[in-house]
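Spelled out from the first residue to the last, the chains are:
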Amino acid sequence: MNAPNSFRTGPDERGHFGIHGGRFVAETLMPLILELEKAYEAARADPAFQAEMDGYLTHYVGRPSPLYYAERLTEHLRDVARKAGKDGGAKIYFKREELNHTGSHKVNNVLGQIMLARRMGKHRIIAETGAGQHGVATATLCARFGLKCVVYMGAVDVERQKPNVFRMKMLGAEVVPVQSGSKTLKDAMNEALRDWVTNVHDTFYCIGTVAGPHPYPGMVRDFQSIIGRETREQIMEAEGRLPDSLIAAVGGGSNAMGLFHPFLDDPTVEMFGVEAAGHGIASGQHAASITGGKPGVLHGNRTYLLMDGDGQIAEAHSISAGLDYPGIGPEHSWLNDIGRVTYITCTDAEALAAFQVCSKLEGIIPALECAHALGKVLELATERPQDHLMVMNLSGRGDKDIFTVAEHLGAQI
Amino acid sequence: MTSPTTSPTRIDDRFQALAKEGRPGLVTFITAGDPDGATSLAILKALPGAGADVIELGVPFTDPMADGPAIQAAGLRALRAGQTLAKTLGMVKAFREGDATTPIVLMGYFNPIYVYGVDRFLADAKAAGVDGLIVVDLPPEEDDELCLPALAAGIDFIRLATPTTDDRRLPAVLKHTAGFVYYVSITGITGSATPDADAVGTAVKRIKGHTALPVAVGFGVKTPEQAAAIAKGADAVVVGSALVETVRASLDSHGKATAETVPAVEQLARALADAVRAVRR
Ligand SMILES: Cc1ncc(COP(=O)(O)O)c(C=O)c1O
């Protein structure tokens, strides 16, 4: 494939990123999806929409989020390198998305979609959630704007993310445990789509990541791109130059797309998306759609999927509920195909180790999702020179995960 | 008007025969491989004798986003029993050995077909005796994927029109539709709300204003009485979840077929056919 002039112009008018993306949905939803596309195009071009959103981003979400030099982690990894007889140890920065209101990057996207729903006159909001972070963000903004909120969550995830389930209920949302299929994120998305087909007249589906039918992947990316735009300004201020590498965990891929997109046309910036390797790729129990999957069609888009030879979707596995999904956003699939972003994997065990290192050295308890990115930072940073600037998206805080981590460490809470 | 495929298909012939008889048709849906391959084939073979005019054969998929609990569960039963798309095509082939006229329409989701390979699938489906396809997650916006290749291969692509498909959009939906139009009588998933027969009649008239194709109506039709009421205003009525639910109710405590399974489905199909056949148009 010839390299395009810019990596930032996608998707095309039919929602394609290379062969990926598209609009694979039931006819019942098509008219609404076309309406949504129009409404979003109009909002995007409307300075009043942008201004209103900026106001809430500043005063309600608490943006900009800091770009923080993780000094002790950097020192620690330089020590590790030195002991191995090397002089590596990149300078590590965290983009502190965990400091946003509700504790993760998810709120950036939800704010945009909720404001769009209001513009479209929709008063009932539905969402799917895995870790519960997207559900909490949606419940929060629905409370703030007085909208009805129904969140679909796999029954397995309801069990392993109890604090977030209670938070959503406190915020006035109805949480529906989904009992079908593998009872995780993909099944929550199926159930949300079934609700949408049924209640299409008054309902807005607030998708939590850069996946689903066009226009969602591009729209969610646009709302999340504030992460990368801020990072660009902040690193210029701190270091006077662009970073050498960016790294983020990839579930559906929204925190990664948000960080990467504003840098895609900067050829010196290397990018790593980290997929969840669960018990290891060879075990077959993982959630690494690009590394271990093939292109297929699910949830409105073509993208890399985990499936069997008959096209039946496989159950993903990850210790992190937010990464436990057998697909990935279509733009990532394309960025993989053209080689602009490198996709690597991190196991449950590596993420658990990194979770503890970060907590002890930086006083930041990371979400298990971004602990996967951190697991690979520990590896990559030691192999890079000390003047290498590496920015990791610390996409969420880990309070929601303490029960899971305690269980794996054999501790009683 | 016949479909834009090269020559009339079994579907065209069947709807012409129904028009001659002056009655609406019964379209029955079952899930291929539910509860197991052999029982499912026996049900398939029994349906024409029970009065099914057209058969929709559901292709099981792990993530059927437009289906309600009954058809979701049927798909999972079939997958657990080892059903695959290749086996479903094999079932059609076996059926065709004893029935050369009853149209068979495969209904499902795109991924199993995409993974099988579109060209290979169309060749194998045509050879097996498949007449039409309903693929829920392929709207007209994605016609290049399967609809146009299917028409070129002589297989009808049957599109769903829904209550949200307004007059502006209808021509696009009907453009490459062949065989018949499937009107989804409710905004919702299979097997949920019961449609209002009057509203359905009005909608069918609206669609007929745009096409000469027959219109079948489905989603939510459960009893012979409902089927007859809907059939009054349409060329055919589709019943699915109720038949699939009958399969489930006949199973033993381990989910295995019993001696009751095939006769129970046959009996409901016959009751539905009797009710539909009593309607004059
Ligand atoms: C903190 C956090 N990071 C990352 C993710 C993964 O989602 P995405 O890949 O869309 O950023 C989640 C999802 O729940 C999350 O809660």
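Residues numbered from 1 in each chain as written. Chains lettered and ligands numbered in written order. Predicted model: local features only at pLDDT ≥ 70, side-chain atom pairs only at ≥ 80, totals over all residues. Heavy atoms only, no water.

Quick word on the packing of aromatic side chains
Here's step 1: This model, assessed by the stated rule, comprises 14 aromatic pairs over all chains.
Here's step 2: Between the aromatic rings of Trp196(A) and Tyr205(A), the centroid separation amounts to 5.6 Å while the plane-to-plane angle is 70 degrees, which identifies the pairing as edge-to-face. You'll find Trp196(A) and Tyr205(A) in the same group, each marked buried.
Here's step 3: Connected via pairs of aromatic rings, a cluster forms that spans Phe24(A), Phe110(B) and Tyr114(B).
Here's step 4: Between Arg96(A) and the ring centre of Tyr68(A), over which it is positioned, the NZ or CZ distance is 5.4 Å. (Phe/Tyr/Trp six-rings, centres within 6.5 Å; stacked < 30°, edge-to-face > 60°. Buried < 20%, exposed > 50% of the residue type's maximum accessible area, 1.4 Å probe, protein only. Lys NZ or Arg CZ within 6 Å of the ring centre and 35° of its normal.)

Observations concerning empty space enclosed by the protein
Here's step 1: Summed over the entire model, instances satisfying the criterion amount to 7 cavities of 30 Å³ or more.
Here's step 2: Empty space within the largest cavity amounts to approximately 310 Å³.
Here's step 3: Around the largest cavity sit 27 residues that line it, and His105(A), Lys106(A), Gly208(A), Gly322(A) and Glu369(A) are the ones nearest its centre.
Here's step 4: Counting only elements with at least two residues in the lining of the largest cavity, the list comes to β5 (124–129), α5 (133–145), α8 (185–198) and α11 (254–260) of chain A.
Here's step 5: For the lining of the largest cavity, the residue count by class is 7 nonpolar, 17 polar and 3 charged.
Here's step 6: Here the second largest cavity is characterised by a volume of approximately 260 Å³.
Here's step 7: In this structure, the second largest cavity is lined by 28 residues; those nearest its centre are Phe29(B), Asp67(B), Ile71(B), Met107(B) and Thr190(B).
Here's step 8: Elements that contribute at least two residues to the lining of the second largest cavity include exactly β1 (25–31), β2 (54–58), α3 (69–80), β3 (104–108), β9 (236–239) and α11 (241–250) of chain B.
Here's step 9: If you tally residues by element for the lining of the second largest cavity, the top one is α3(B), at 3 residues.
Here's step 10: Counted by class, the lining of the second largest cavity contains 15 nonpolar, 10 polar and 3 charged residues. (1 Å grid on protein atoms, 1.4 Å probe; cavity = no way out; pocket = protein on both sides within 12 Å on 5 of 7 lines; lining within 4 Å. Points joined across faces, edges and corners; volume = space filled by probe spheres on them. Helix = DSSP H or I, 4+ residues; strand = E, 2+ residues; numbered from the N terminus. Nonpolar A, V, L, I, M, F, W, Y, C, P; charged D, E, K, R; others polar.)

Here we look at helix α1 (residues 10–21) of chain B
Residues and elements named next belong to chain B.
Here's step 1: Compared with the 16 Å implied by 1.5 Å per residue over 12 residues, the 16 Å span of α1 between its first and last C-alpha is a close match.
Here's step 2: Regarding α1, the residues found buried are Ile-11, Asp-12, Arg-14, Phe-15 and Leu-18. Buried residues of α1, viewed axially, fall in a sector of 165 degrees; they line one side.
Here's step 3: Those residues of α1 hidden inside the fold are in contact with β1, β2, β3, β4 (132–135), β5 (156–157) and β9.
Here's step 4: Looking one or two residues beyond α1, the residue adopting positive phi is Gly-22, at roughly 70 degrees. (Expected span 1.5 Å × (residues − 1). Arc of directions from axis to C-beta. Contact = heavy atoms within 4.5 Å.)

As for the layout of surface pockets
Residue and element names in this part refer to chain A.
Here's step 1: Of the pockets and cavities examined, the largest pocket occupies roughly 300 Å³.
Here's step 2: Glu-159, Arg-160, Thr-404, Glu-407 and His-408 are, among the 17 residues lining the largest pocket, the residues nearest its centre.
Here's step 3: Among the secondary structure elements, those contributing two or more residues to the lining of the largest pocket are α6 (155–160), α7 (162–170) and α16 (402–409).
Here's step 4: Among the elements that make up the lining of the largest pocket, the one with the highest residue count is α16 (4 residues).
Here's step 5: When its residues are assigned to classes, the lining of the largest pocket shows 5 nonpolar, 7 polar and 5 charged.
Here's step 6: Two domains each donate at least three residues to the lining of the largest pocket, and these are domain 1 (16–60 + 106–221) and domain 2 (63–103 + 225–409). (Domains from an automatic or database assignment.)

Details of the site of the ligand
Residues and elements named next belong to chain A.
Here's step 1: Residues in contact with the ligand amount to 18 residues; listed here are only the nearest, Thr-209, Gly-251, Gly-253, Ser-254 and Ser-395.
Here's step 2: The side chain of His-105 places a nitrogen or oxygen atom 2.9 Å from an oxygen atom of the ligand.
Here's step 3: Gly-253 places a polar main-chain atom, nitrogen or oxygen, 2.6 Å from an oxygen atom of the ligand.
Here's step 4: Taking 390 Å² as the accessible area of the ligand by itself, protein coverage stands at 98%.
Here's step 5: Judged by the proximity of its atoms to the pocket grid, the ligand belongs to the largest cavity.
Here's step 6: Grouping the amino acids of the shell around the ligand by side-chain chemistry returns 4 nonpolar, 12 polar and 2 charged. (Near = heavy atom within 4 Å. Polar contact = N/O pair within 3.5 Å; in protein donor to acceptor, adjacent residues only side chain to side chain. Areas by Shrake-Rupley, 256 points an atom, 1.4 Å probe, with all protein chains shown as cover. Sits in = over half its atoms within 2 Å of the grid points.)

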